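Below, each chain spelled out in residue letters.
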Amino acid sequence: MTRQLHLNLFVMGRGHHEGAWRHPRASTQALTDIDYYESLARKAEAGCFDSIFFADALAIGGQMEFVAKGGLEPLTLLAALARATTRIGLIATASTTYYEPFNLARLFSSLDHISRGRVGWNIVTSWVQGAAENFGYVQMPDHAERYARAREFLEVALKLWDSWADDAIVDDAAAGRYVRPGRIRSIDHLGRYHQVAGPLNVPRSPQGRPVLVQAGSSPTGKAFAAQYAEAIFTAHLEKESAARFYRDIKQGAEGYGRNPRRVLVLPGISPVIGSTESEARRIQEELDDLTAPQAGLAHLSNRFGGHDFSRLDLDQALSPDDFPDPGKVQAAQSRAGVITALVARERPTLRQLLRKLAGARGHLAVAGTPEQVADLIQDWFDTGAADGFNVMPPVLPGLLDDFVEQVIPLLQRRGLFRREYAGSTLREHYGLGVPGNALFADG
């Protein structure tokens, strides 16, 4: 079977650039207006994207004066989008640190039924200190503790999704029997973090379970992804590091006895598109000029667990010594490593770093013609650095329109990307099968 490129649309606010909300091609609709998200989802579906994806943060963060925030809770949003679309996959982020397994398994199973099999769960452990304070924690659990909880959490969720056999429901009104005896089972899980009797009170869903997505790239995160994830969102600024990550994940998956072709690696890409390269760079400069250093400093601080960077001169060249050791950061370890590697390589000033991160927060930001963007996507795909991309338009909807209308047709003409959907579920879009039921080997 010919390998197929995968594209997800990652929606954030009015675009992934910090200055997007001020740009003339950005929407002026409220971030709580469902019409806005329905419009984006339909555009992505018209472009045959595999899915639309929503991140989540359980705290508002700082510098609200300078950045447009405060959107809808993503699982609620997916339920609405499931009724506004018919084919595109729907992925939402939910935290294993601040949910309970039964609650979350029930929510995602319900969403998979509502969408008729188009849902994925982006599994996160959460790293923002403000989230801990919102859920009654004096201190956020450390990185290792959060991943230990995540492993047990996921194992419980998997058992709950398997607690109904596919043929459990008879619904035979004449005979007076709704469920076959013995085809729904408790799980009786007793672990370090969770005690869950089960069974789930929602039948097994169209995909068997939601597609499992993961975004951590620390050593612990990579091991978790290699064992469980079916799609991995990751951040790389250079093809070489993306290719190393790609190899590590595929080899790690094989080590767990998994088929590496069924573990998709999807780096983030944030493309500014112009009719010429100089026009694209001009648009990029326009966006950078719309940002506030205060907002960039707040975001950088969050990435490094609250570290204070305000003491640094904005126009002095940086060195890695100006940053905490990424391996000891209890927040976003992998992204902290990307940033410090960039600093070591390029030695930017703090102002230059903030402008560089304003576009995609450590993901690959590119500015060029549609052909240049398509060439980069094809190069990474063909040379073993990616199975596709998590597309992060800097401005919404303007730069999403450009990508759908100008880049996707190029990828289609090159035979890399679908012209129409072949299936109706997210698993079918990703080339994944329905997983077997571990509690009912006979189905």
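Please read all numbers here as calculations on a predicted model, not as lab measurements.

A. The arrangement of the overall build of the chain in detail. Looking only at helices and strands, the chain has 14 helices and 13 strands in total. Seen along its three principal axes, the alpha-carbon backbone of the chain occupies a region of about 75 × 50 × 45 Å. Relative to its 443 residues, the chain shows a buried fraction of 55%. Of all intrachain contacts in the chain linking residues separated by at least 6 positions in sequence, the fraction that spans at least 24 positions is 78%. Roughly 18,300 Å² of accessible area belongs to the chain as shown, and the carbon and sulfur atoms make up 49% of that amount. Taking the average place of the 48 positive charges on the side chains of the chain and the average place of its 51 negative ones, the gap between the two points comes to 3 Å.

B. Quick peek at the environment of proline 24. Along the polypeptide, proline 24 turns up in the loop between strand E1 (6–11) and helix H1 (34–46). Its relative accessible area of 74% is what places proline 24 among the exposed residues. Residues proline 24 and valine 395 lie 371 residues apart in sequence; the distance between their C-alpha atoms is 9.3 Å.

C. Representation of the pairing of strand E12 (residues 364–368). Within E12, 4 of the 5 residues are buried, leaving the element largely enclosed by the surrounding structure. With 5 bridges connecting them, strand E11 (residues 264–273) and E12 associate as parallel partners. Opposite isoleucine 269, over in E12, you have leucine 364 as the bridge partner.

D. Summary view of helix H13 (residues 398–413). Under the 1.5 Å per step criterion, the end-to-end length of H13 is 23 Å for 16 residues, consistent within 8% with the ideal 22 Å. Helix geometry: H13 is bent most strongly at valine 407, by close to 30°, with proline proline 409 lying one to four residues after it. Within H13, 12 of the 16 residues are buried, which leaves it mostly tucked inside the rest of the structure. Taken together, the buried positions of H13 are Gly398, Leu399, Leu400, Asp401, Asp402, Phe403, Val404, Val407, Ile408, Leu410, Leu411 and Gln412. In the core, the buried residues of H13 are packed alongside E1, H1, E11, helix H12 (370–382) and strand E13 (388–391). Just downstream of H13 lies glycine 415, where phi reads positive at about 75°.

E. Representation of the packing of aromatic side chains in the model. Counting across every chain of the model gives 14 aromatic pairs. Taken together, a centroid distance of 5.0 Å and an interplanar angle of 65° make the contact between tyrosine 36 and tyrosine 37 edge-to-face. As far as the burial class goes, tyrosine 36 and tyrosine 37 line up, both buried. Centroid distance tryptophan 121 to phenylalanine 153: 5.9 Å. Interplanar angle 50°. Geometry classified as tilted. Pair noted here: tryptophan 121 is in strand E4 (residues 119–124) and phenylalanine 153 is in helix H5 (residues 143–161), with a separation of 32 residues, a long-range link.

F. Region of interest: the packing of helix H3 (residues 101–114) against H5. It is the contact of H3 with H5, at a shortest axis distance of 9 Å, that shows an interaxial angle of 50°. Judged on the interaxial angle alone, H5 and H3 are oblique. Handedness of the crossing formed by H3 with H5: right-handed. On H5, the residues that touch Pro101, Phe102, Leu104, Ala105, Phe108 and Ser109 of H3 are Phe153, Val156, Ala157, Leu160 and Trp161. Within the contact of H3 with H5, the residues separate by chemical class into 10 nonpolar, 1 polar and no charged.

G. The arrangement of the environment of valine 272 in detail. With respect to the secondary-structure elements, valine 272 resides in strand E11. When the C-alpha positions of valine 272 and alanine 82 are compared, they lie 29 Å apart, and in sequence the two are 190 residues distant. Among residues more than four places away in sequence, those in contact with valine 272 are Ala280, Ile283, Gln284, Leu287, Val366, Ala367, Gly368, Pro394 and Leu399.

H. Local environment of the pattern of salt bridges. On inspection of all chains with the given rule, the structure shows 21 salt bridges. Note that aspartate 387 and arginine 3 form a salt bridge whose closest N and O atoms lie 3.1 Å from each other. With aspartate 387 in the loop between H12 and E13 and arginine 3 in the segment before E1, this pair connects stretches of sequence that are 384 residues apart. Look at arginine 3 and you get partly exposed, because its relative accessible area is 28%. Across the salt bridge formed by arginine 204 and aspartate 162, the nearest N and O atoms sit 2.7 Å from each other. Taken together, the residues span a long stretch of sequence, with arginine 204 in the loop between strand E8 (195–196) and strand E9 (211–214) and aspartate 162 in the loop between H5 and strand E5 (169–172) at a distance of 42 residues. With respect to class, arginine 204 is no different from aspartate 162; both count as buried. Connected through salt bridges with shared partners, the residues Arg3, Lys250 and Asp387 form a single ionic network.

I. Expanded view of helix H7 (residues 239–255). Under the 1.5 Å per step criterion, the end-to-end length of H7 is 24 Å for 17 residues, consistent within 8% with the ideal 24 Å. Burial in H7 covers these residues: Ala242, Ala243, Phe245, Tyr246, Ile249, Lys250 and Ala253. Down the axis, H7 shows its buried residues gathered within 165° of arc, on one side only. Residues of H7 that are exposed and angled more than 90 degrees away from the buried face: Gln251 and Gly255. Contacts from the buried residues of H7 go to helix H6 (219–228), strand E10 (231–234), E11 and H12. Just beyond H7, the residue with positive phi is glycine 257, at close to 75°.

Rules of the game
- Position numbers for residues count from 1 along each chain, tracking the sequence in the order it is written.
- Selection of residues for local features in this predicted model requires a pLDDT of at least 70, selection of side-chain atom pairs for listing and counting requires 80 or more, and totals for whole chains, interfaces and linings are taken over all residues.
- Just so you know, side-chain values use all the structure's heavy atoms and leave hydrogens and water out.
- Strands here mean DSSP runs of E at least two residues long; helices mean DSSP runs of H or I at least four residues long; both are numbered from the N terminus.
- With a 1.4 Å probe rolled over the protein chains alone, any residue whose accessible area is under 20% of its type maximum counts as buried; one over 50% counts as exposed, and the rest are partly exposed.
- Contacts were defined at the residue level, with two residues in contact if any of their heavy atoms lie within 4.5 Å.
- In this description, accessible areas are obtained by the Shrake-Rupley approach with a 1.4 Å probe, and a residue is regarded as covered only by the protein chains that are shown.
- We count Lys and Arg on the positive side and Asp and Glu on the negative side, and we leave His and both chain ends out.
- For the purpose of locating charges, the reference atoms are NZ of Lys, CZ of Arg, CG of Asp and CD of Glu.
- Here the rule is simple: two strands pair whenever DSSP picks up at least two bridges between them.
- What a helix is expected to span follows from its residue count: subtract one and scale by 1.5 Å.
- At any given residue, the bend is defined as the angle formed between two axes, one fitted to the seven residues that end at that position and one fitted to the seven that begin there.
- Working definition: a ring pair exists when centres of Phe, Tyr or Trp rings (six-membered ring for Trp) sit within 6.5 Å. Plane angles under 30 degrees give stacked, over 60 give edge-to-face, the rest tilted.
- For helices, the fitted line uses only the C-alpha atoms of the stretch in contact; every axis is such a line through C-alpha atoms, and the angle between N-to-C directions lies from 0 to 180 degrees.
- Note on terminology: angles under 35 degrees are roughly parallel, angles over 145 are roughly antiparallel, angles of 65 to 115 are roughly perpendicular, and the others are oblique.
- Take the far helix as your reference; a near helix turned counterclockwise from it by less than a right angle gives a left-handed crossing, and one turned clockwise gives a right-handed crossing.
- Side-chain classes are defined by residue name, with Ala, Val, Leu, Ile, Met, Phe, Trp, Tyr, Cys and Pro counting as nonpolar, Asp, Glu, Lys and Arg as charged, and the others, Gly among them, as polar.
- Criterion for a salt bridge: a side-chain nitrogen of Lys or Arg within 4 Å of a carboxyl oxygen of Asp or Glu.
- Working definition: the arc comes from the directions between the helix axis and the C-beta atoms, pointing outward to the latter.

Shape is all these values report; function is a separate question.
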